[in-house]
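Single-letter residue listing:
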Amino acid sequence: MQKRDILIVGQGLAGSLLALELEKRKKNVMIIDNNPSVSSSKVAAGLYNPITGRKMAKTWLADELFPNLSKSYQDLEKKIRAKFNFSKTIYRPFNNVEEQNDWSLRTTELGHTSYIKLTVNYPTGIDQLIDPLGGFFINYFGMIDVPKLISEGKKYFKIKDMYTEQSVLLETLEVGEAHVKLGSFEADMIIFCEGPLAENNPLWSDLKFKLVKGEILDVSCLLKMNHVISKGIFMLPFKDYMRVGYTYDKENQNDEPTETGKLELLNRLSKLYKGKVKILKHRAGLRPAIFDRKPFIGFHDKYKNVTIFNGFGSKGVSLIPYFAMNLADHICFGKKMYSEVNPVR
Ligand SMILES: Cc1cc2nc3c(=O)[nH]c(=O)nc-3n(C[C@H](O)[C@H](O)[C@H](O)COP(=O)(O)OP(=O)(O)OC[C@H]3O[C@@H](n4cnc5c(N)ncnc54)[C@H](O)[C@@H]3O)c2cc1C
C-alpha cells in the first residue's frame, strides 16, 4: 500500500493547479486521472477576461482575481518549464450607438476604469472587421493554452511521482475516520476534481450541476492581428490560425461537434468579420457549470476527509488559481475558506 497525504481525482486544470499548490505546501500528493481525449480543459479556449457579457459588467471577484492572475501563471510556467501564458489585448467593438453613448458613464459608475486601456469612437481600420462605432480595449486580459498546461503538467507530475493513469471506481474507495483507501493508495484525504464527470459520482449526487456544452472552431483567414476581438463571439489569433468561439448549449449533454453549432458560430462571425474563412478544426466539450454560477469547493457533509474542487463553469482559467490557493491554505494552515463556494448551500 502506498501512503500519500492527499489523493486528487482528475488532472484537468482544477486538479493540476490544486496539486501544484499542495505540493508547494509540502504535501505528498498523488493525482489519478483517466486521460480522456476530450475534457473541458482539453477543448478550452483559455481566455481570461474581467469585463464580460452583453452588459459589459465586471465578472464575479474581478478585483481579487485579475491583478495577480498573469503573474500566477508565469510562476507556474517557471515551475513546470513550459510556455502557456499569452498576454493579449482584447478589443470589444460597440454594438450600437446607445452602447457607445453609455460607455464612458458606465465605466465610472461600475468602477471599470482600471480595466479599460483605451476607448475609440471610430472604426479601427482593422482589415475586414465590422466596427463602425469603434469600441474599447481591455487590460488584464490574456489566454492560457490549457491543453499545453495539462500535457506539460502531466510530464512534471510523472517525474515527481505524482501521477497515475486509471479510472477511479467508487466501489473501490474506502472512507475511514482519518484515512481513505483507493486501490493501492492510502491517504489522509481525497479531493475530487472530476469536472463535468462529477455529475455521475454518487458521493456528490445532492449537488446541482448545470453542465453547458460549448463548440469552438479553428479557422484560417487573411486577418493578421495580435488582439483578440470579441462581440457576441471572439476571434483569437493563435499559432498560425484563428480560434472562434463559443456556443452555450444547455440541452445537449455531450461532447460531439454539431452542424447546428458550426452554423451558429459562422453566422455570428459574419457579423464581426467580412473576410472568408476556412474551417480547420471543430471541437466541443462540456463546461462544469453550477446552478448559481459559483464553484463547489469544500467538504462532503458526511465524510470530513472527502472534498470537492469543481464547478468552475466557463471561467476556470480565472477562478481556479485563486481558489486552489484558498483551498490549499485551508487544508494546510487552517485558513478561512471563501464561504460562498461551500458545496452545502
Ligand atoms: C468549448 C469550451 C471552451 C471553454 N473556454 C474557456 C475559456 O476561454 N476560459 C475559461 O476560463 N474557461 C473556459 N472553458 C471552461 C474550462 O475549460 C473549465 O472551467 C475547466 O477546464 C474545468 O477544469 P476541470 O479540471 O474542473 O475539469 P476537466 O478539464 O474536465 O478535468 C477533469 C479531469 O478529471 C478526469 N476524471 C473525472 N472523473 C474521473 C475518474 N472517476 N477517474 C479518473 N479521472 C477522472 C477527467 O477525465 C478529466 O481529465 C471552456 C470550456 C469549454 C467546453
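(A) Representation of the site of the ligand. Inspection of the region around the ligand gives 38 residues, with D33, N34, S41, Y246 and G313 positioned closest. Backbone polar atom of S40 to an oxygen atom of the ligand: 3.2 Å apart, as the coordinates give it. A distance of 3.1 Å is found between an oxygen atom of the ligand and a backbone nitrogen or oxygen belonging to G316. Those elements giving two or more residues to the shell around the ligand turn out to be α1 (13–24), β2 (29–33), α2 (40–43), β19 (277–287) and α8 (316–333). Of the residues in the shell around the ligand, the class split is 18 nonpolar, 16 polar and four charged. When we break the shell around the ligand down by domain, the ones giving at least three residues each are domain 1 (2–44 + 147–206 + 293–341) and domain 3 (212–287).

(B) Region of interest: a positive patch on the surface. Side chains of K210, K250, R293 and K315 sit close together on the surface and give a patch of like positive charge. Tracing the backbone through its elements, the reader meets K315 in the loop between β21 (306–310) and α8.

(C) Inspection of the layout of surface pockets at higher detail. The calculated volume of the largest pocket comes to roughly 1,700 Å³. Along the walls of the largest pocket sit 46 residues, with T52, G53, Y248, S314 and K315 positioned nearest its centre. Broken down by secondary-structure element, the contributors of at least two residues to the lining of the largest pocket are β3 (47–48), β4 (51–52), β7 (90–93), β9 (135–138), β16 (228–230) and α8. Its residues assigned to classes, the lining of the largest pocket comprises 22 nonpolar, twelve polar and twelve charged.

(D) Just the environment of L17, in detail. Topologically, L17 is positioned in helix α1. In sequence terms L17 and Y73 are 56 residues apart; their C-alpha atoms lie 9.8 Å from each other. With residues up to four places along the chain from it excluded, the contact list for L17 reads Y73, L76, L149, I320, P321 and A324.

(E) Inspection of the domain arrangement of the protein chain at higher detail. Once the domains are mapped, the protein chain shows domain 1 (2–44 + 147–206 + 293–341), domain 2 (90–138) and domain 3 (212–287). Of note, the centres of domain 1 and domain 3, computed from C-alpha atoms alone, are 30 Å apart. Taken residue by residue, the interface counts nine residues in domain 1 and ten residues in domain 3. When domain 1 packs against domain 3, the two sides together hide about 680 Å² of surface, and 55% of this comes from carbon and sulfur. Where domain 1 meets domain 3, there are zero salt bridges. Taken together, domain 1 and domain 3 are joined by two residue pairs in polar contact (both at pLDDT 80 or more). Split into classes, the residues belonging to the side of domain 1 that touches domain 3 amount to four nonpolar, three polar and two charged.

(F) Quick look at the side chain of T59. Residue position: T59 is located in the loop between β5 (57–58) and α3 (62–65). Taking relative accessible area as the criterion, T59 reaches 9% and is therefore assigned buried. Those residues in contact with T59, other than ones at most four positions away along the chain, are N49, P50, T52, F66 and K315.

(G) Examining the pattern of salt bridges more closely. Applying the stated criterion across every chain, the model contains 18 salt bridges. One continuous salt-bridge network, built from bridges that share partners, spans E21, K24, R25, D329 and K335.

Definitions and limits used
- Residues numbered from 1 in each chain as written.
- Predicted model: local features only at pLDDT ≥ 70, side-chain atom pairs only at ≥ 80, totals over all residues.
- Heavy atoms only, no water.
- Near = heavy atom within 4 Å.
- Polar contact = N/O pair within 3.5 Å; in protein donor to acceptor, adjacent residues only side chain to side chain.
- Helix = DSSP H or I, 4+ residues; strand = E, 2+ residues; numbered from the N terminus.
- Nonpolar A, V, L, I, M, F, W, Y, C, P; charged D, E, K, R; others polar.
- Domains from an automatic or database assignment.
- Patch = residues over 30% accessible without salt bridge, like charges linked within 9 Å, V, L, I, M, F, W, Y side chains within 5 Å.
- Areas by Shrake-Rupley, 256 points an atom, 1.4 Å probe, with all protein chains shown as cover.
- Salt bridge = Lys/Arg side-chain N within 4 Å of Asp/Glu carboxyl O.
- Lys, Arg positive; Asp, Glu negative; His and termini not counted.
- Charge placed at Lys NZ, Arg CZ, Asp CG, Glu CD.
- 1 Å grid on protein atoms, 1.4 Å probe; cavity = no way out; pocket = protein on both sides within 12 Å on 5 of 7 lines; lining within 4 Å.
- Points joined across faces, edges and corners; volume = space filled by probe spheres on them.
- Contact = heavy atoms within 4.5 Å.
- Buried area = accessible area lost by both parts, 1.4 Å probe.
- Buried < 20%, exposed > 50% of the residue type's maximum accessible area, 1.4 Å probe, protein only.

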